[in-house]
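Per-entry structural report
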Amino acid sequence: MAWVYILRGANGRHYIGATEDLARRLSEHRHGGAHTTARLGGVLELVASREMGSMAEARALEQSLKKKKNPRLALFFLTQGERRPVARDL
């Protein structure tokens, strides 16, 4: 299984990512193992996540969410229940 997730940093900025091991990846983010989240500030909060069937699906959704350039819209699409977004939604 794979995951798509959204983190929020202490400064209010967001990070969207995908991984096959959510617990490991969150630990890496929180302990400085991921330079991409250093810009978010000290405390990181997992604000949303969705389990996907494959890493390919997770990467596709991650890229679609990142293209939105709006964290609130990305959160909406990631958390809208069990309904999986289809291409026209993204």
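Before reading on, note that the structure itself is shown above.
Anyway, here's the lowdown on the structure attached to this text. (Residues numbered from 1 in each chain as written. Predicted model: local features only at pLDDT ≥ 70, side-chain atom pairs only at ≥ 80, totals over all residues. Heavy atoms only, no water.)

As a further point, take the sheet that holds strand β1 (residues 2-9). Strand order across the open sheet formed by three strands is β2-β1-β3, with antiparallel pairing between neighbours. A strand with exactly one partner marks an edge of an open sheet, and here the two such strands are β2 (14-19) and β3 (44-52). Averaged over neighbouring strand pairs, the angle between their axes works out to 20° when direction is ignored. With eight bridges joining them, β1 and β3 adopt antiparallel strand pairing. Residue pairing in the sheet places W3 in a bridge with E51 of β3. With respect to the sheet, helix α3 (residues 71-79) is in contact with β1, β2 and β3, its orientation differing from that of β3 by roughly 40°. (Pairing = 2+ DSSP bridges. Helix = DSSP H or I, 4+ residues; strand = E, 2+ residues; numbered from the N terminus. Axes fitted to C-alpha atoms, helices over the stretch in contact; angles between N-to-C directions. Contact = heavy atoms within 4.5 Å.)

In this structure, the largest pocket occupies an estimated 170 Å³ of space. Elements supplying a minimum of two residues to the lining of the largest pocket: β2, α2 (55-68) and α3. In terms of residue class, the lining of the largest pocket is made up of six nonpolar, two polar and three charged. (1 Å grid on protein atoms, 1.4 Å probe; cavity = no way out; pocket = protein on both sides within 12 Å on 5 of 7 lines; lining within 4 Å. Points joined across faces, edges and corners; volume = space filled by probe spheres on them. Nonpolar A, V, L, I, M, F, W, Y, C, P; charged D, E, K, R; others polar.)

Core analysis: the biggest nonpolar cluster contains 15 residues, and V4, I6, I16, A58, L61, L65 and L78 have the highest contact counts within it. Elements represented by at least two residues in this core include exactly β1, β2, β3, α2 and α3. Not counting residues up to four positions away in its chain, the partners in contact with L65 are V4, I16, A74, F77 and L78. Judged by nonpolar contacts, the second largest core, of seven residues, contains L7, Y15, L40 and L44. (Core = buried A, V, L, I, M, F, W, Y, C linked by side-chain atoms within 4.5 Å. Buried < 20%, exposed > 50% of the residue type's maximum accessible area, 1.4 Å probe, protein only.)

So, about the pattern of salt bridges. Here the structure, examined in full by the defined rule, presents five salt bridges. Residues R8 and E45 are paired through a salt bridge, measuring 3.4 Å at the closest nitrogen-oxygen approach. One end of the pair, R8, is in strand β1; the other, E45, is in strand β3, with 37 residues separating them in the sequence. Residue R25 pairs with E28 through a salt bridge whose shortest N-O separation is 2.8 Å. Here E28 and R25 lie together in helix α1 (residues 22-30), a separation of three residues that amounts to about one turn. Residue E28 is classed as partly exposed on the basis of its relative accessible area, which comes to 27%. Here the salt bridges do not stand alone but share partners, grouping R24, R25 and E28 into one network. (Salt bridge = Lys/Arg side-chain N within 4 Å of Asp/Glu carboxyl O.)

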